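Breakdown of the fold
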Amino acid sequence: MARWCYRHRLVVLLLWLGALFGLGAASSAAGTNYANVFSLPNTDSTTAYDLMEKAFPERAGDTDTVVWKVDDGSVRDDSVRSRIEPALDEIGRMKGVGEVTDPYAAQGAAQISRDGRIAYAQITFTEQANAVPKELIEDVVDKAQAAETDGLRVELGGQAVARTQEPPQGIAEAVGILAAAVVLFLAFGSLFAMLLPIVVAIAGVGTGMIATMLMSHVTDVPEVAPLLGSLIGLGVGIDYALFIVTRHRRGILRGMKPQEAAVTALNTSGRAVLFAGGTVCIALAGMLVMNMRFLDGVVVATSLTVVLSVLAAITLLPALLGLLGMRVLSRRQRRRLAAAGPEPAETSGLAARWSSYVQRHPRPVAALAVVVMAALAIPVLSLRLGATDQGNHQESQTTRQAYDLLAEGFGPGFNGPLQVVVEGDAPEGLVNGIRSAEGVAQAAAVPPANGVTVIQVVPTTSPQSEQTDQLIDRLRDDVIPRSGAEAHVGGVTAVFKDFASVTGDRLPYFVATIIALGFLLLLVAFRSLVVPLTAALMNLIAAAASFGVLVAIFQWGWGTELIGVGKEGPITSFLPVIMLSLLFGLSMDYQVFLVSRMHEEWVHTKDNARAVRVGLAETSRVINSAALIMICVFSAFVLSGDMEGAMAGIGLAAAVALDAFILRTALVPAAMHMLGNANWWLPDWLEKRLPHLAVEPKEEAAVEAEQEPAVTGRTSVVHGFVRGTDGEPVDGAAVTLLTKGGRQLDRVSSLADGSYIVSVPAPGTYLLATSAESYGSRAGQVVVADGPLVYDVELAEGEVDAVN
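Parameters and conventions
- Residues numbered from 1 in each chain as written.
- Predicted model: local features only at pLDDT ≥ 70, side-chain atom pairs only at ≥ 80, totals over all residues.
- Heavy atoms only, no water.
- Helix = DSSP H or I, 4+ residues; strand = E, 2+ residues; numbered from the N terminus.
- Buried < 20%, exposed > 50% of the residue type's maximum accessible area, 1.4 Å probe, protein only.
- Contact = heavy atoms within 4.5 Å.
- Areas by Shrake-Rupley, 256 points an atom, 1.4 Å probe, with all protein chains shown as cover.
- Lys, Arg positive; Asp, Glu negative; His and termini not counted.
- Charge placed at Lys NZ, Arg CZ, Asp CG, Glu CD.
- 1 Å grid on protein atoms, 1.4 Å probe; cavity = no way out; pocket = protein on both sides within 12 Å on 5 of 7 lines; lining within 4 Å.
- Points joined across faces, edges and corners; volume = space filled by probe spheres on them.
- Nonpolar A, V, L, I, M, F, W, Y, C, P; charged D, E, K, R; others polar.
- Patch = residues over 30% accessible without salt bridge, like charges linked within 9 Å, V, L, I, M, F, W, Y side chains within 5 Å.
- Salt bridge = Lys/Arg side-chain N within 4 Å of Asp/Glu carboxyl O.
- Expected span 1.5 Å × (residues − 1).
- Pairing = 2+ DSSP bridges.
- Axes fitted to C-alpha atoms, helices over the stretch in contact; angles between N-to-C directions.
- pLDDT = per-residue confidence, 0-100.

**So, the overall build of the protein**
Helices and strands together make up the secondary structure of the protein, namely 25 helices and 18 strands. In terms of its C-alpha atoms, the protein occupies a principal-axis envelope of roughly 110 × 50 × 45 Å. Each of the 804 residues in the protein was classed as buried or not, and the buried ones make up 55%. For the protein, long-range pairs separated by at least 24 residues make up 76% of all intrachain contacts whose partners lie at least 6 apart in sequence. As displayed, the protein offers around 33,800 Å² of accessible surface, 56% of which is attributable to carbon and sulfur atoms. Looking at the protein, you have 58 positive and 79 negative side-chain charges, and the mean spots of the two groups are 10 Å apart.

Below you can see the structure in the form of structure tokens.
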């Protein structure tokens, strides 16, 4: 498929452009129909909600609030009324506004605070918040705030008004892409190579977002789903393309033609991308175990975006590589390639030195990594799930100001009233019991409607307070049963409390499911029991530490002012499920890319220390670059204007940073060094029963097979160390394997620790030549049997060894 896409690049480009513009036209015509379905079956709040719908079937529009406060006097003064009433009357006449209830009407006395300095009016629109035209909301805000004057302050709150404070759509994505572009340019040194992953990611995310908009008409997709879809889509889309482009460029630098380099890159890194994308989708699908309708739409949006990002990486990317040809390299690289010829595979000096250091000191490295992760995980012990509201907005926003004014004038519980719903008339004993209950500021029964009575209950504490949660439990477990009535506690605060309770109860099953699925995938891929067990443990450590960071910032309030996310509060109840899905999927990606290279080396040499060292040295740079890109993309979502988006962005950025820079770069290789050959243990009976799954075929063997058709047989290796006469390792020595006739078969450079490995196409006798700057050259005859051959080379200054 990669070869076909490369050769028919214009066809592939036209197909992607057609899909993008076709879906875009369809979504423009259809619009969106997002729905936040937070209710859960068989919960008390859901029963209350269903009864409320029966009692008030016409109450469908969004209700927002205008709040005003006077510095002196009373809101009843003529000087205040003469400014507020005309504004409210004009708002009531606007098309799209259904009703305005103000405190100056006959029934409005309760809408004025006891001290007479704060009052509010409720504006009910004819549509829900997402369907209200933004221009109408802005007109309402402008008209209400135009009534302000010296000594009179006017603020507005509500879901519709909050839309006017959102930053323009796409800012978070644009900032994330710009930051990723800088990282890519520094990594590649080429403008065209830098653009490739970004174009591929935009294509995948763009089609995914548009498809999600269309899906919202046939299933319940919450508002936060497109944001989460774009967040994860940009991250994985850029990273997947980065892995493939890196392998493609490496092939060209080694002397391959661009088309063969692209085919090889897709047949190696492309396979790993398919596997990694599949693990992300499986982790996301694990959310279905929670059996929450709200999460179903999130699974659809995020999985669809990941699938399309993978599809773009394996079809659109080879087409773009075909268009660029050699320009995927920088001009300097092209000039050097033309002048000096193909270069050997070399590992970054820093990466090689770090890998050798981890091999020499695995216990201190592992201990330090565990201490850091444990310290970061401490805050997770105080994790409290709940719901964010406009009290968490920034202090400069009118929604936060309105929230605070209502709390000041009518009590902190006024922003999150509870509804106790009873079929038929409410017994007087129930109403009196609620009024006398601890934590209740006021309670009043609304006249029955359609056979249902609603008792409005205002708590003494804010919606996010633990005391409010305790009040809900007190009403359900004590007050209502004692009255003998059959009643149910509802309201937004009760819904989110039930949501958090159900999430907490089902979370262990969800975690067990995605860990088990990840374990089975890695078991099949790497033919080992220890590697998947290590990966599962690392995933749990990463989850605990990243949630610790999340609690410290958003629940404890450490640094909220620096990142501009408003007031601290509980962690959104549905966020752990979404974050764990994404985190486990992304962690599995890095585990696959790291361990697949180690596994390949282990298959060659059966030397665990070398396999871990070489695998870390050759993959750590690209993994760290990919992680840095994801961190940039995720962190940018603080600018989304959405508290849940900011939480998810910061949480995932922290998780990726800890996973890539501490776990995969330090703790995983250190642990694998300590475990030794046990890493690759698998019982014989299980080996025979497991299906075979090739995550990433051996690139060098495949290339040599095409270039050297005359040599057949089983591939083996010669490996060892190049040292000087003083025993010190020789870094960068050229090690060349030749046939007895002098034909070159493989050429590599020794690593920082002096180690090297060359591929041997078949058993036989070969010539191994070694040379290094400041040293003489040495050549020796090596006889390779069925297994790997260990052959150390000692170089001395000025010495030349004759061929044996």
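Moving on, there is more to tell.
**Describing empty space enclosed by the protein**
Where empty space is left can be seen by rolling a probe of water-molecule size over the atoms. Evaluated as defined, the whole model comprises four cavities of 30 Å³ or more. Considering only enclosed or pocket space, the second largest cavity measures out at about 80 Å³ in volume. Going through the elements one at a time, α10 (258-285), α18 (492-526) and α21 (575-605) are the ones with two or more residues in the lining of the second largest cavity. It is α18 that contributes the most residues to the lining of the second largest cavity, four residues altogether. Looking at the lining of the second largest cavity residue by residue, the classes come out as seven nonpolar, three polar and no charged.

**Looking at a nonpolar patch on the surface**
Judged by side-chain polarity, V182, F185, L186, L191, F192, L195 and V199 come together as a nonpolar surface patch covering roughly 630 Å² of accessible area. Elements represented by at least two residues in the nonpolar patch include exactly α7 (171-188) and α8 (191-215).

**Here's the deal with helix α9 (residues 224-253)**
End to end, α9 covers 44 Å across 30 residues, agreeing with the expected 44 Å (1.5 Å per residue, within 8%). Of all 30 residues in α9, 28 are buried; the element is thus mostly enclosed.

**A closer look at the sheet that holds strand β16 (residues 778-784)**
Ordered in space as β13-β12-β15-β16, the four strands form an open sheet in which the pairing is antiparallel. Only two strands of the sheet have a single partner each, and these edge strands are β13 (744-749) and β16. Pairs of neighbouring strands in the sheet enclose a mean axial angle of 20 degrees, with direction left out of account. In this structure, strand β12 (residues 734-738) lies alongside strand β15 (residues 764-771), joined through five bridges in antiparallel fashion. The partner of L738 across the bridge, within β15, is L767.

**Section: the pairing of strand β1 (residues 63-70)**
Counting buried residues along β1, seven of its eight residues qualify, which places the element largely inside the surrounding structure. Sheet analysis places β1 next to strand β3 (residues 118-125), joined by seven bridges and oriented antiparallel. Its bridge partner lying in β3, W68 is registered against A119. With six bridges joining them, β1 and strand β4 (residues 152-157) adopt antiparallel strand pairing. Within β4, the residue paired with W68 across the bridge is V154.

**Quick look at the confidence of the model for the protein**
Of the residues in the protein, 92% have a pLDDT of 70 or more, and the chain-wide mean is 84. Of all the helices and strands in the protein, helix α25 (residues 699-707) carries the lowest mean pLDDT, 39, while helix α14 (residues 362-377) carries the highest, 95. The low-confidence segment residues 698-713, where pLDDT is below 50, has 28 contacts with residues more than four positions distant or belonging to other chains. A low-confidence stretch, residues 800-804 (pLDDT under 50), is modelled with eight contacts involving residues beyond four sequence positions or located in other chains.

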